[in-house]
Amino acid sequence: MNKYDVIVVGAGPAGSAAAKAAAQHGARTIILEEHKAVGIPQHCPGRIQGSSFTESIMSSINKRMIVTDYRARRVFAPNGKIAQEIPLVGKGFCLVERAEFDRELARQAITAGADLRLNTRVSGIERVNGKVLSVLIESQHLSQVEGKIVIYAGGIKAWASGALRQEFPGITEIRNSNGILFELTGVRALEPEIVETHIGAFNEECYCTVWPRSHESCIMSISSLDTFNKIKSGDYLISKKLSNAVPIQMNGWSLANI
């Protein structure tokens, strides 16, 4: 029973969405998830960037998982004045309860006909004459799953080792851009439906973006804790908003530059 048309590695949003689409089109599909629960550990606070793809996903989930639907992105110049306002309605920009969001997409994939195996780590891909035959698995109960197509949605860690490293041996160096995603409370003067991007020379990127959860709490991406403290003590509009802000959650973020 371990023979499939499509093997999806990783039960995050990308993996579950791919598995759902494959199963809906009649492919015998399985998702292999290395952790013991979908959505745990939580890899980000739940910011959903807008696109036609994400809008189609958001239209299919229970609205109770959405913390905030954003209607616009407001760009502030260094002097605090609004430089631009970009409409976001209908583009799928929102903040979700990330762990439950992941599990909902996994449920949809299973309802569409996909199988799911937890606590199952893929360690490599087996080929015969260049054709995918199966994936190799580190598990006490399963050593191999046969399939014709492998969709690797294991996240950025997948580039460091395992099947992707095996598949792309020519990539010898991966440079990551890293930082911290803060959940902050005690923030001033937020509009819950407005994403704020502040421009200024207060950090290396010369901008920072605020994703509100409410009138006084938000998600914010910053390169380091030192940069956060530097912004708080500055003389920008964002500094005034953050002067009494306190982090209640910190998640790391990382982007691979290959």
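Residues numbered from 1 in each chain as written. Predicted model: local features only at pLDDT ≥ 70, side-chain atom pairs only at ≥ 80, totals over all residues. Heavy atoms only, no water.

A. Highlighting unusual backbone geometry. Note that the residue after Ile-40, namely Pro-41, is joined by a cis bond; omega there is 0°. Topologically, Pro-41 is positioned in the loop between strand 2 (29–32) and strand 3 (47–48). At Asn-119, a position not held by glycine, the phi torsion is positive, near 55°. Its place among the elements puts Asn-119 in the loop between strand 8 (115–117) and strand 9 (121–128). With phi around 55°, Ala-189 is a residue other than glycine that occupies positive phi space. You can see Ala-189 is positioned in the loop between strand 12 (175–185) and strand 13 (194–199). What makes Ala-189 exposed here is its relative accessible area of 62%. (Helix = DSSP H or I, 4+ residues; strand = E, 2+ residues; numbered from the N terminus. Buried < 20%, exposed > 50% of the residue type's maximum accessible area, 1.4 Å probe, protein only.)

B. Structural detail: the pairing of strand 13. Strand 13 sits mainly inside the fold: five of its six residues count as buried. The pairing of strand 5 (residues 72–76) with strand 13 spans five bridges and is parallel. Counterpart to Phe-76 in the pairing with strand 13 is His-198. (Pairing = 2+ DSSP bridges.)

C. Quick peek at empty space enclosed by the protein. Considering all chains together, one arrives at one cavity of 30 Å³ or more under this definition. Each pocket or cavity is described by its volume, and for the largest cavity that value is around 30 Å³. When contributions to the lining of the largest cavity are tallied by element, the ones reaching two or more residues are strand 13 and helix 6 (237–242). (1 Å grid on protein atoms, 1.4 Å probe; cavity = no way out; pocket = protein on both sides within 12 Å on 5 of 7 lines; lining within 4 Å. Points joined across faces, edges and corners; volume = space filled by probe spheres on them.)

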